Amino acid sequence: MAQQEDVFKKIVSHCKEYGFVFPSSEIYDGLGAVYDYGQMGVELKNNIKKYWWDAMVRLNENIVGLDSAIFMHPTIWKASGHVDAFNDPLIDNKDSKKRYRADVLIEDEIAKYDDKINKEVEKAAKRFGDSFDEAQFRSTNARVLEHQAKRDALHGRYSKALNANDLEELRQIILDEGIACPISGTRNWTEVRQFNLMFSTEMGSTTEGSMKVYLRPETAQGIFVNYLNVQKTGRMKLPFGIAQIGKAFRNEIVARQFIFRMREFEQMEMQFFVKPGTELEWFAKWKQTRLKWHEALGMGDKKYRFHDHDKLAHYANAATDIEFEMPFGFKEVEGIHSRTNFDLSSHEKYSGKNIRYFDPELNESYVPYVIETSIGVDRMFLSIICGAYKEEVLENGESRVVLQLPAALAPVKLAVLPLVKKDGLPEIARDIIKDLKFEFNCQYDEKDSIGKRYRRQDAIGTPYCITVDHQTLDDKTVTIRYRDSMLQERVSIDALNGIIADKVNIKNLLKAL
Ligand code: GAP
């Protein structure tokens, strides 16, 4: 575990060193849980968004796009339930004056029991070697059973308190478990209070009076309130979807793990409107479709798993998360929810407008049901970087850090490197870029030894390095070096476009879906 934490620290500093992610407002000592994307980060982020957008909007003739405003009428957030219920339970330690999420403190405690169990299993696996039967060990070992019983009892009590919104009971659990503040080490806790996660601001001048508006905490509501506009103007028939990519804002209290939990982040959300009664079928279909989208990136199928929710929000009748194995464990990257007709019905009620869909086949109007797929761009970015980061020891004893990014998502597709800065080699290298820059993002680099230049490109995940040498002057061939295998081949300059396009085009990912 400690080793994985070290890897994560290295990934965070790698992101900064190579221009992927910078802390926001860094020269003013930063702003908590807000980050900027640098010259490499913005390219990777744009490629992720394009992969998602094309998979949704281009590949499905019944899904269209939308770009709704961040500011919306404040009643929208009343109707959606965010004003009343988008809360985190907070608790303060009176000695350190530090504020925590009560649910996170308890979940961390549950995770400690899981760690204890896993350690017992690991120890036993080492002891017994090949003959180890993990399932049998878990169901018979006295220590494991004792930890499991305590874990299950705590989990049961916690879920009940959370579902009942019982803040006193959450506090009591923290006291009973003896949970201490990591800063002061004391158990001197305040009451638990609800804290709304929405940011608000004022719209309009003060003489006319101003209106309290919110920075949207999700992009989905922009889709719901436009669904009839899109349906009518696009002459869409059920089932159909609306996809949107945009910023969302949440005043997260426990903001940690780098870009995993941010206060300003970006979502890619798709609401799929279906006939009531067919929603669970569509839910099952979208679960598989979305998993396939992730797996097509080739990061390894074992890196993903579903986490089906057994506790459902009052408006949902099915929900799952797609989790990715980050260095700090399996974590949610995407949520898929069957949201019934809750949001549309609520907007109908609050706005007083009829937003029903007229079904020409049934000759009747109804409020459609909705399946939502919702993925954070930043979390997806983090999962890709974590999955791609590799430290390798080479045959000659040297080491390298390489980002084995899916080629279609890599910020730079090829680097063109003249072996020396003279003899006309830089000019040929520039000519190659002049030709290929219309197809791919290319980088020119002539500084330092060729080995150092390869390492720089490995570190940003460039799949191909093209070296122009003296032989190029004679026969118009260059070497192409492959990032992952580091193998090199001699190929003609004319063949480059074909070789590279075959691997780096997002089209190839889309065709695999
Ligand atoms: N419309 C549904 C919705 O917003 P959510 O589970 O709260 O559902 C969906 O968020 C996705 O948005 C998450 O799976 C995650 O990838 C991303 N996300 C949510 N909060 C985030 C945060 N504070 N920082 C980064 N990404 C976040």
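Here, the structure is the one placed above.
In this report, the structure presented in the accompanying data block is examined. Everything numeric here is computed off the predicted structure, so don't read it as measured data. (Residues numbered from 1 in each chain as written. Predicted model: local features only at pLDDT ≥ 70, side-chain atom pairs only at ≥ 80, totals over all residues. Heavy atoms only, no water.)

## Focus: the site of the ligand
Formally: Near is defined per residue: the residue qualifies when any heavy atom it owns lies within 4 Å of the molecule or strand. What qualifies as a polar contact is a pair of N or O atoms within 3.5 Å, subject to a donor-acceptor requirement within protein and to the restriction that residues adjacent in sequence count only when both atoms come from side chains. In short, Shrake-Rupley with a 1.4 Å probe defines the accessible areas, and a residue's cover is counted only from the protein chains shown. Helix numbers and strand numbers start at the N terminus; a helix is a DSSP run of H or I with at least 4 residues, a strand a run of E with at least 2. Note on residue classes: Ala, Val, Leu, Ile, Met, Phe, Trp, Tyr, Cys and Pro are nonpolar, Asp, Glu, Lys and Arg are charged, and everything else, Gly too, is polar.
Taken together, the neighbourhood of the ligand is formed by 19 residues, with Glu218, Met262, Glu269, Glu332 and Val333 sitting nearest. The contact in question runs from a nitrogen atom of the ligand to an N or O atom on the side chain of glutamate 372, over 2.9 Å. Relative to its unbound accessible surface of 550 Å², the ligand loses 91% to contact with the protein. Among the elements of the structure, β10 (264-274), β13 (329-338) and β16 (369-376) are those that each provide at least two residues to the shell around the ligand. In terms of residue count, β13 provides more of the shell around the ligand than any other element does, four residues in total. Looking at the shell around the ligand, its residues break down into five nonpolar, four polar and 10 charged.

## Quick word on the sheet that holds strand β4 (residues 87-92)
Whether parallel or antiparallel, the strands of a sheet pair through hydrogen bonds between backbone atoms. Keep this limit in mind: Strand pairing follows a simple DSSP-based rule, namely that at least 2 bridges must link the two strands. Fitted lines through C-alpha atoms give the axes, limited to the stretch in contact for helices. The angle between two N-to-C directions lies from 0 to 180 degrees. Only heavy atoms matter for contacts: two residues are in contact if any of them lie within 4.5 Å across the pair.
Read across the sheet, three strands follow the order β5-β4-β6 without closing on themselves; strand pairing throughout is antiparallel. Edge positions in the sheet fall to β5 (99-101) and β6 (193-196), since each has one partner strand and no second. Ignoring which end each strand starts from, the neighbouring axes of this sheet average 45° apart. Bridge count for β4 against β5 is three bridges, and the pairing is antiparallel. Residue pairing across strands places isoleucine 91 opposite tyrosine 100, the latter belonging to β5. Here helix α5 (residues 102-128) sits on the sheet and contacts β4 and β5; the angle it forms with β5, its principal contact strand, is near 65°. Packing against the sheet, helix α8 (residues 167-176) makes contact with β4 and β6, and its axis sits at approximately 45° to β4.

## What to know about unusual backbone geometry
Note that the residue after leucine 238, namely proline 239, is joined by a cis bond; omega there is -5°. Here proline 239 shows up in the loop between α9 (220-233) and β9 (240-249). Unusually for a residue other than glycine, lysine 97 sits at a positive phi of about 60°. In this structure, lysine 97 sits in the loop between β4 and β5.

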